[in-house]
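Secondary and tertiary structure notes
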Amino acid sequence: MLKRAWKPVLGTTVLVGAPTYVYYRYYMKPTPETFTIPVKTTGPDGKRQLVTQTIPLLTKDEVDARIREHATSHSVMRHGGIVWKSATAQLASNSPIEDAQASLLIERDASDTAPPGDYLFFAVMDGHSGPHTSRVLSDVLIPTVAMELASRIKDPSAASSEAGLLAKLKALLWRSSSAPYDSNPANVARAIEAAFTRLDAQIVNTPLDILYQSVKPEDLKKKLIPDLSQHPLAASSMQTAMSGSCALLAMLDTSNRNMYVAVTGDSRAVAGVYEETEDGRGVWRVEALTEDQTGRNPNELKRIQSEHPADEAQNVVRNGRILGGLEPSRAFGDARYKWPREVQEVLNKAFMEPKGEAMRPPPPTLKTPPYVIATPVVTHRPLSFLPLPDTGVPKPKSALRFLVLATDGLWDELSNEEVVALVGGYLSGLRGTIPKAELPQLVRTSVGSAGVEGKNKDHRRQQQGAWAFEDDNVGTHLIRNALGGGDVAHLRQLVSIPAPLSRRFRDDITVTVVWWEDGREAQAERVSIPQGQEQAKAKL
């Protein structure tokens, strides 16, 4: 009797349950989260107007995946047991991203009689008006600097013409010399300056070289301009010259124990110097290694005004921008601020008009170019912690422990002190969400060299909320905290805004952090662990 009664009940459950499941599966889906932002558009009457646009809101997991997508890290043990570590992360706002980055380690030749060491290069590039210039720099800037320095150390013709670029650099840079050129910081600074300047000249002059090789001088006098739009290098040369890029390069010479930072533009380098204190807690000294090169920097304003006639003094920089347009006062490319107006007209006719296109016109107040230069400002700091002291020898009470190189997208949101505190906290192992008011007690900082602020700080977020310590990559860690940190709602919104709308709220961000550790301590720890315990630790 019970079995017969069970069958109708089961049938009823199936009939009722199936439609209910279908209803909830297809008609009761969670509503996607959205938010709105103000957007300027052109109305039917041709006037600009402010409207509201709805944006899909990414989940926390989607945000995490996006800011971690391009994160990389490297670690290498070098001479004397030092371990050099670096981490890089990028987050695009433009599409495609206009930032770029590069790095290179050139090993010392084993036969060199000089002290053991390497050249470590790191660079970030902040492009504008397209990604073309920054991408070229990511490929050629470091090799150009290395080859310039090599040529000044020894005649490059001594290297084998058959060798690859890296082999040539190693052979040239590490040839022995009774008076090494690169042991003098002033020599190295001049080599870096020359490399930057010559590379920019090649970028800006390539379209002119193509024109010169393709037309007779008498034709130019008659204003007979050839059609060069189909030249194999037409598009690439014009794009690289017309777009622009800032560049920030760090070169660590561990043999001569010197660090050089070269900046062209408004990217910024900051170092964290750890200093022991009597209470044992220590403090991180903030050392700005660069000045923002913009029209808001009084030093840059004075330089630019001195390079042009007095009657242009009020126009060379307007609203903090070069001729009222470009923010960085030094950059690669940006030929419309470097070519004379007549040259721009000729190049436009040769390369653009045959395709039905046109160059962006020169700034209206352009009279005596160039107004923008690529010559960098080079800063030197000794790597006084090298070589690492032997066991039992007291360690220095003050030592540079890390270096942060970042494009201005990071510095638009974070101060030097905040960045050093965030990296210092990361290196000390902080985890979780920490109120902003509490971090100064956990990670103490002091200001050494403050640098010159060349950015508009009006839009920076208030000092309320919290920092987030949850990322394994320190570059990603900085990007997360630049865009909200522990304020997850704000972070989700900023990362969710798609290009090109996102550019009104945040810039491309590229950050590289370089730091060092004593690898001998880790080796000693491994030696002291009994074999069985070491295997168990490895499995964990």
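Bear in mind the structure is a predicted one, so any value in this text is a computation, not a measurement. Note on numbering: residues in each chain are counted from 1, in written sequence order. pLDDT decides what is reported in this predicted model: residues at 70 or higher carry local features, side-chain atom pairs at 80 or more are listed and counted, and totals for whole chains, interfaces and linings draw on all residues regardless. Working from all heavy atoms in the structure, the side-chain values ignore hydrogens and water.

Looking at the overall build of the protein
Heads up, the condition is: Each helix is a run of H or I in the DSSP string that is no shorter than four residues. Each strand is a run of E no shorter than two, and both are numbered from the N terminus. Burial classes follow relative accessibility: with a 1.4 Å probe on protein chains only, a residue under 20% of its type's maximum area counts as buried, one over 50% as exposed, and anything between as partly exposed. Whether two residues are in contact is decided by their heavy atoms: any pair within 4.5 Å suffices. For the area figures, the Shrake-Rupley method with a 1.4 Å probe applies, and any residue is considered shielded solely by the protein chains shown.
Helix and strand counts for the protein stand at 16 helices and 19 strands. Every one of the 540 residues in the protein was classed for burial, and the buried ones make up 46%. Across the protein, contacts joining residues at least 24 apart in sequence account for 72% of those joining residues at least 6 apart. Summing over all exposed atoms, the protein offers an accessible surface of approximately 27400 Å²; the carbon and sulfur share of this is 53%.

Topic: the pattern of salt bridges
To keep it simple, the criterion reads: Salt bridges are identified by distance alone: a Lys or Arg side-chain nitrogen within 4 Å of an Asp or Glu carboxyl oxygen.
Within this structure, the stated rule accounts for 24 salt bridges. In this structure, R480 and E470 form a salt bridge, with 3.6 Å as the shortest nitrogen-oxygen distance. With R480 in helix 13 (residues 474-482) and E470 in the loop between strand 18 (466-469) and helix 13, this residue pair connects regions lying 10 residues apart in the sequence. In this structure E470 comes out as partly exposed when scored by relative accessible area, which is 29%.

Observations regarding the pairing of strand 7 (residues 244-253)
Spelled out, the test is: In this description, strands pair whenever DSSP reports at least two bridges between them.
A large share of strand 7 lies buried, amounting to 10 of its 10 residues. Residues G244, C246, L248, A250 and L252 point to one face of strand 7 and S245, A247, L249, M251 and D253 to the other, with burial holding for every one of them. Both strand 6 (residues 118-128) and strand 7 contribute to a ladder of 10 bridges, which runs antiparallel. Pairing of L120 across the sheet is with L252, part of strand 7.

Structural notes on the sheet that holds strand 4 (residues 82-91)
Filter applied, for reference: Each axis is a line fitted through C-alpha atoms, taken for helices only over the stretch in contact, and angles between the N-to-C directions span 0 to 180 degrees.
The strand order across the open sheet built from 7 strands is 3-4-19-15-9-10-17, with neighbouring strands paired in mixed fashion. Every other strand in the sheet has two partners, leaving strand 3 (72-77) and strand 17 (445-447) as the edge strands with one partner each. Shown here is a sheet whose adjacent strand axes are inclined to one another by a mean of 20 degrees, direction ignored. With 3 bridges connecting them, strand 10 (residues 283-288) and strand 17 associate as parallel partners. Paired with V286 across the two strands is V447, which belongs to strand 17.

Some details on the packing of helix 11 (residues 416-427) against helix 13
Stated formally: If an angle is under 35 degrees, it is roughly parallel; if it is over 145, roughly antiparallel; if it lies from 65 to 115, roughly perpendicular; otherwise it is oblique. Two helices cross in a left-handed way if the nearer one is turned anticlockwise from the farther one by less than a right angle. They cross in a right-handed way if the turn is clockwise. Only Asp, Glu, Lys and Arg are considered charged in this grouping, and only Ala, Val, Leu, Ile, Met, Phe, Trp, Tyr, Cys and Pro are considered nonpolar; every other residue, Gly among them, is considered polar.
Taken N-terminus to C-terminus, the directions of helix 11 and helix 13 make an angle of 135 degrees; their axes are 10 Å apart at the nearest point. One finds that helix 11 runs oblique with respect to helix 13. Here helix 11 and helix 13 pass one another in a crossing that is right-handed. Residues V419, L422, V423 and Y426 of helix 11 pack against V474, H477, L478 and N481 of helix 13. Across the contact of helix 11 with helix 13, the residue classes tally to 6 nonpolar, 2 polar and no charged.

Some points on the side chain of R480
Selection rule: Distance and chemistry together define a polar contact, namely a pair of N or O atoms within 3.5 Å, with one atom able to donate a hydrogen and the other to accept it when in protein, and with adjacent residues in sequence counting only for side-chain atoms on both sides.
What makes R480 buried here is its relative accessible area of 0%. Polar side-chain contacts of R480 include one of 3.0 Å to the side chain of D64.

Here we look at the confidence of the model for the protein
Stated precisely, the cut-off is as follows: As a per-residue measure, pLDDT reflects the predictor's confidence and takes values from 0 up to 100.
Per-residue pLDDT for the protein has a mean of 87; in total, 84% of the residues score no lower than 70. Contacts of residues 1-16 to residues separated by more than four positions or lying in other chains number 2 contacts, the stretch itself having pLDDT below 50. Segment residues 524-540: pLDDT under 50, and 4 contacts once partners within four positions in sequence are set aside and those in other chains are kept.

Here we look at the nonpolar core
Stated formally: What we call a nonpolar core is a set of buried Ala, Val, Leu, Ile, Met, Phe, Trp, Tyr and Cys residues that are connected through their side-chain atoms within 4.5 Å.
In terms of nonpolar packing, the biggest core is built from 37 residues, with V404, L410, L478 and V511 touching the most fellow members. Ranked by the residues each element gives to this core, the list is headed by helix 11, at 5 residues. When residues no more than four places from it in sequence are discounted, the contact partners of L478 are V404, L410, L414, V419, L422, V423, V511 and V513. With 31 residues, the next largest nonpolar core counts V145, A191, I192 and A262 among its residues.

A closer look at unusual backbone geometry
Following P369, the chain continues to P370 via a peptide bond in cis, the omega torsion being 10 degrees. Here the bond from A499 into P500 is cis, since omega is 0 degrees, no more than 30 degrees from zero. As for its placement among the helices and strands, P500 is situated in the loop between helix 14 (488-496) and strand 19 (509-518). In this structure, S129 takes a positive phi of about 55 degrees despite not being glycine. Residue position: S129 is located in the loop between strand 6 and helix 3 (132-153). At N319, a position not held by glycine, the phi torsion is positive, near 55 degrees. Looking at the secondary structure, you find N319 in the loop between strand 11 (317-318) and strand 12 (321-322).

So, the environment of S93
Among the structural elements, S93 can be located in the loop between strand 4 and strand 5 (99-107). For the pair S93 and P498, spaced 405 residues apart in the sequence, the C-alpha separation amounts to 7.6 Å. For S93, the contacting residues outside a window of four places in its chain are A499, S502, R503, R506, D507 and D508. At 3.4 Å, the side chain of S93 forms a polar contact with the backbone nitrogen of R503.

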